[in-house]
Amino acid sequence: MSTLITGGGFLGLRLADALKRQGQATRVLDVAPSPRTDLDWVIGDVSSLDEVARALDGCRRVVHLAALL
């Protein structure tokens, strides 16, 4: 089961690491992804329905941790 995490900040990256350790496929949606290449990054904005829909492709769960600054 794939999980989409919105927001690649402190909490998002910690959750992604924890899910990966459990063997779960994880994707992170963020406007400015970190240089980490061990994660499946989708560049996009949570305020764009099209970008969120693209990021959700193949995911069964979403954890919303993104914030609008």
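Notes on the structure in this doc start here. (Residues numbered from 1 in each chain as written. Predicted model: local features only at pLDDT ≥ 70, side-chain atom pairs only at ≥ 80, totals over all residues. Heavy atoms only, no water.)

## Section: the nonpolar core
- In terms of nonpolar packing, the biggest core is built from seven residues, these being I5, L13, A16, L19, V28, L39 and W41.
- Sorting elements by how many residues they give to this core places helix α1 (residues 10–21) first, with three residues. (Core = buried A, V, L, I, M, F, W, Y, C linked by side-chain atoms within 4.5 Å. Buried < 20%, exposed > 50% of the residue type's maximum accessible area, 1.4 Å probe, protein only. Helix = DSSP H or I, 4+ residues; strand = E, 2+ residues; numbered from the N terminus.)

## Details of α1
- Its twelve residues give α1 an end-to-end C-alpha distance of 17 Å, which sits within 8% of 16 Å, the value for a rise of 1.5 Å per residue.
- Those residues of α1 that sit buried are G12, L13, A16 and L19. Burial along α1 is one-sided: seen end-on, the buried residues are contained in an arc of 125°. Facing away from the buried side of α1 by over 90 degrees, the exposed positions are F10, L11 and R21.
- Residues of α1 that are buried in the fold lie against β1 (3–6), β2 (26–30), β3 (40–43) and β4 (61–64).
- Within two residues after α1, G23 carries a phi angle of roughly 85°, on the positive side. (Expected span 1.5 Å × (residues − 1). Arc of directions from axis to C-beta. Contact = heavy atoms within 4.5 Å.)

## Here's the deal with the side chain of D30
- Of note, D30 is situated in strand β2.
- We note that D30 is buried and unpaired, the nearest opposite charge coming from R14 at a distance of 11 Å.
- Look past the residues within four positions of D30 in its chain and what remains in contact with it is G7, G8, G9, W41, V42, I43 and G44. (Lys, Arg positive; Asp, Glu negative; His and termini not counted. Salt bridge = Lys/Arg side-chain N within 4 Å of Asp/Glu carboxyl O.)

In short, the description is geometric, and any link to function would need to be established separately.
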